[in-house]
Amino acid sequence: MKWLTHIMASLLFLKAFGMLFNVPGFVFCVLGALAPDIDEKSSKLGRVFHIPLSRHRGIIHSAWPWLAAGLAVSLFSPPAGYGFLIGSFSHLFLDALTPQGTRLFYPAKLRLKGPIRTGSFSEMLLLAGIIGLFLLV
Ligand SMILES: [Zn+2]
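Residues numbered from 1 in each chain as written. Predicted model: local features only at pLDDT ≥ 70, side-chain atom pairs only at ≥ 80, totals over all residues.

Visitor: Teacher, can you tell me more about the overall build of the chain here?
Guide: Along the chain, the regular secondary structure elements total 5 helices and 0 strands. For the chain, the N- to C-terminal ordering of α and β elements is α-α-α-α-α. Relative to the 2.2 N^0.38 estimate, which gives 14 Å for 137 residues, the radius of gyration of the chain is 14 Å and therefore close to what a compact globule would have. C-alpha extents for the chain along the principal axes are approximately 35 × 35 × 30 Å. A burial count over the chain gives 38% of its 137 residues as buried. Across the chain, every contact between residues at least 6 apart in sequence was considered, and the portion connecting residues at least 24 apart equals 58%. (Helix = DSSP H or I, 4+ residues; strand = E, 2+ residues; numbered from the N terminus. Rg over C-alpha atoms; globule rule 2.2 N^0.38 Å. Buried ≥ 20, exposed ≤ 12 C-beta atoms within 10 Å, placed from the backbone. Contact = placed C-beta atoms within 7 Å.)

Visitor: Sorry, what's going on with the packing of helix α2 (residues 23-34) against helix α4 (residues 78-95) here?
Guide: Viewed as axis vectors pointing N to C, α2 and α4 meet at an angle of 30 degrees, and their least axial separation amounts to 7 Å. What the angle tells us is that α2 and α4 run roughly parallel. Considering only the axes of α2 and α4, their crossing is right-handed. Between α2 and α4, the contacting residues are Pro24, Gly25, Phe26, Phe28, Cys29, Val30, Leu31, Gly32 and Ala33 on the first element and Pro79, Ala80, Tyr82, Gly83, Phe84, Leu85, Ile86, Gly87, Ser88, Ser90 and His91 on the second. Per-class residue counts for the contact of α2 with α4 are 13 nonpolar, 7 polar and no charged. (Axes fitted to C-alpha atoms, helices over the stretch in contact; angles between N-to-C directions. Parallel < 35°, antiparallel > 145°, perpendicular 65-115°, else oblique. Left-handed = near helix turned anticlockwise from the far one by under 90°. Nonpolar A, V, L, I, M, F, W, Y, C, P; charged D, E, K, R; others polar.)

Visitor: Help me out: how do you make sense of the nonpolar core in this one?
Guide: The tendency in soluble globular proteins is for nonpolar side chains to be buried as a group. Membership of the largest hydrophobic core comes to 30 residues, with the highest contact counts inside it found for Ala9, Leu12, Leu14, Cys29, Phe84 and Ile86. Of all the secondary structure elements, the ones that give two or more residues to this core are α1 (3-16), α2, α3 (63-76) and α4. Of all the elements, α4 adds the most residues to this core, at 8 residues. Among residues more than four places away in sequence, those in contact with Cys29 are Ser10, Leu11, Leu14, Gly83, Phe84, Ile86 and Gly87. (Core = buried A, V, L, I, M, F, W, Y, C linked by C-beta atoms within 7 Å.)

Visitor: In this structure, what is going on with the environment of Ile7? I would like to understand it.
Guide: By secondary structure assignment, the location of Ile7 is in helix α1. Look at Ile7 and you get partly exposed, because 19 C-beta atoms sit within 10 Å. Once the C-alpha coordinates of Ile7 and Gly25 are considered, the two residues, 18 residues apart in sequence, prove to be 13 Å apart. Leaving out residues up to four positions away in the same chain, Ile7 has contacts with Val30 and Ala33.

Visitor: Before we go on, may I ask you to explain unusual backbone geometry in this structure?
Guide: Keep in mind that most residues, glycine aside, have a negative phi and that most peptide bonds are trans. In this structure, Pro107 follows Tyr106 across a cis peptide bond, with omega equal to 10 degrees. Within the fold, Pro107 resides in the loop between α4 and α5 (121-136).

Visitor: Any chance you could explain the packing of α3 against α4 here in plain terms?
Guide: Angle between the axes and distance between the axes are the two parameters that describe a pair of packed helices. Two elements in contact, α3 and α4, have axes whose closest approach is 7 Å; the angle formed by their N-to-C orientations is 165 degrees. By the angle between their axes, α3 is roughly antiparallel relative to α4. In the packing of α3 onto α4, the handedness of the crossing is right-handed. Contact residues: Ala63, Trp66, Ala69, Gly70, Leu71, Val73 and Ser74 in α3; Pro78, Ala80, Gly81, Tyr82, Phe84, Leu85, Ser88, Phe89 and Leu92 in α4.

Visitor: Help me understand the environment of Ala96 in this model?
Guide: Its location among the elements puts Ala96 in the loop between α4 and α5. With 14 residues separating them in the primary sequence, Ala96 and Leu110 have C-alpha atoms 11 Å apart. Beyond its immediate stretch of four places on either side in the chain, Ala96 contacts Gly101, Thr102, Leu104, Leu112, Lys113 and Gly114.

Listed below in structure tokens is the structure:
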């Protein structure tokens, strides 16, 4: 998925959890929504901070690093940690809707996949739906 879809979906989840106007929660939610793509040099966050240790959507797109990071952040600031967890898991959920999918429980081989291609018209429809829900919730 594209970065805007990731950010809007994460903010929809953040709003559903009643944390949209919590500043640390908001900031860390947006960071979490972009963070799993640091394994790709051309991503928004990957241009600034790139981790070349795995191929795209390998271990960096599993639940473990983001669960650990979110829990570690929540030790210092619970709203920031919860925001980070919401953002990063929103990212993993959306990537699981694409044909490339995600291996959420890496190294287990199970790959969660879906039909929505990144940058396609169906992603634009999904984004429109997310924005519509965001305005309604
Ligand atoms: Zn991703």
